[in-house]
Amino acid sequence: MNPVSRMSPTVKHASIDAYIATFPDEIQAILNEIRATLRAAIPDCGETISYNMPALTLNGTVLYFAAYKKHIGLYPPVKGDEALRAEIARYRGEKGNLQIPLSEPIPYDLIARIAQCRLRENEAALAAKPRK
C-alpha cells in the first residue's frame, strides 16, 4: 500500500498539517474533511502523528487515518458495536482495518460514528483497568 504522498514514505511527518501537505490537492481536501469530521465527532480529542500517520487521541489512540493510492485507511478495527461492524463490513481490509475507496464518495458521517465507537472502546478499556 503506497501512499500517494509527494514525499518519500520514509519521511517522518512533524504534524498532521505537514502530513496532509504532502498530498495532491484533491487528497488534501479529503484528508482535511476527515480531520474536521473527527474533530467534530470528538471535540476533546488531541492530535498527533503516530506510526507516521495522523492520529486522534483521548484515553489512548482513538483512530488513525492515512491516504493511499486507491483508498483512505482507518485504523484500528472497530470491535464492540455489531450493528456498526455490519455496516462497515464492505470496507474491511485483511486485518479488519478499513479501506475506503477513493473512487467512491467518502462516508464522513460513518467515519464520525466509527470514531465515537472507538472512543467508547477506549473508555471501556480504561474503566476495566484496575486502579492503583
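The shown structure was predicted, so the numbers you read here are calculated from the model rather than taken from an experiment. (Residues numbered from 1 in each chain as written. Predicted model: local features only at pLDDT ≥ 70, side-chain atom pairs only at ≥ 80, totals over all residues. Heavy atoms only, no water.)

Asker: Got a minute to help me understand the overall build of the chain in this structure?
Answerer: When helices and strands are tallied, the chain shows four helices and five strands. Ordering the α and β elements of the chain from the N terminus gives α-α-β-β-β-β-α-β-α. Scaling as 2.2 N^0.38, a compact globule of 132 residues should have a C-alpha radius of gyration of about 14 Å, and the chain matches this with 15 Å. Principal-axis analysis of the C-alpha atoms places the extent of the chain at approximately 45 × 35 × 25 Å. Counting over 132 residues, the chain shows a buried share of 42%. Long-range pairs, those at least 24 residues apart, make up 51% of the contacts in the chain between residues at least 6 apart in sequence. About 7500 Å² of surface is accessible on the chain, with carbon and sulfur atoms providing 52% of the total. A distance of 8 Å separates the average location of the 17 positive side-chain charges in the chain from that of its 14 negative side-chain charges. (Helix = DSSP H or I, 4+ residues; strand = E, 2+ residues; numbered from the N terminus. Rg over C-alpha atoms; globule rule 2.2 N^0.38 Å. Buried < 20%, exposed > 50% of the residue type's maximum accessible area, 1.4 Å probe, protein only. Contact = heavy atoms within 4.5 Å. Areas by Shrake-Rupley, 256 points an atom, 1.4 Å probe, with all protein chains shown as cover. Lys, Arg positive; Asp, Glu negative; His and termini not counted. Charge placed at Lys NZ, Arg CZ, Asp CG, Glu CD.)

Asker: Help me out: how do you make sense of the side chain of Glu121 in this one?
Answerer: Position of Glu121 among the secondary structure elements: in helix H4 (residues 108–128). Glu121 gets classed as buried once you look at its relative accessible area, which sits at 17%. For Glu121, the contacting residues outside a window of four places in its chain are Pro77, Val78, Lys79 and Gly80.

Asker: Mind showing me how you'd approach the pairing of strand S2 (residues 53–57) here?
Answerer: Most of S2 is tucked away, with four of its five residues classed as buried. Taken together, the five bridges between strand S1 (residues 46–50) and S2 define a ladder with antiparallel strand orientation. By the bridge assignment, Gly46 is partnered in S2 with Thr57. Hairpin connection of S1 to S2: two residues between the antiparallel strands, including Tyr51 at a positive phi of 55°. In this sheet, strand S3 (residues 61–67) lies alongside S2 in antiparallel orientation, the contact comprising three bridges. By the bridge assignment, Thr57 is partnered in S3 with Thr61. Linking S2 back to S3 in an antiparallel pair, the connection comprises three residues, with Asn59 at a positive phi of about 60°. (Pairing = 2+ DSSP bridges.)

Asker: Before we go on, may I ask you to explain the sheet that holds S2 in this structure?
Answerer: Backbone hydrogen bonds are what pair the strands of a sheet, in a parallel or an antiparallel way. The five strands are arranged S1-S2-S3-S4-S5 in an open sheet whose pairing can be described as antiparallel. Lying at the two open borders of the sheet, with one neighbouring strand each, are S1 and strand S5 (98–101). Ignoring which end each strand starts from, the neighbouring axes of this sheet average 25° apart. The sheet contacts of helix H2 (residues 25–41) involve S1, S2, S3 and strand S4 (71–75), and relative to S3 the element is tilted by about 170°. H4 rests against S3, S4 and S5 of the sheet, and its axis sits at about 145° to S3. (Axes fitted to C-alpha atoms, helices over the stretch in contact; angles between N-to-C directions.)

Asker: For this particular structure, what's the right way to read the pairing of S3?
Answerer: Side-chain positions along a regular strand alternate between the two faces of the sheet. Of all seven residues in S3, six are buried, a share of seventy percent or more. Count of turn residues in the S3/S4 antiparallel hairpin: three residues.

Asker: Just checking my understanding: could you explain the packing of aromatic side chains for this structure?
Answerer: For any pair of aromatic rings, the description rests on two quantities: the centre-to-centre distance and the angle between the ring planes. On inspection of all chains with the given rule, the structure shows two aromatic pairs. For the pair Tyr19 and Phe23, a centre-to-centre distance of 5.0 Å together with 55° between the ring planes defines the contact as tilted. Per residue, the accessibility class of Tyr19 equals that of Phe23, and both read buried. Ring geometry for Tyr51 and Tyr64: centres 5.7 Å apart, planes at 65°, overall edge-to-face. Here Tyr51 is found in the loop between S1 and S2, whereas its partner Tyr64 is found in strand S3, with 13 residues between them in sequence. (Phe/Tyr/Trp six-rings, centres within 6.5 Å; stacked < 30°, edge-to-face > 60°.)

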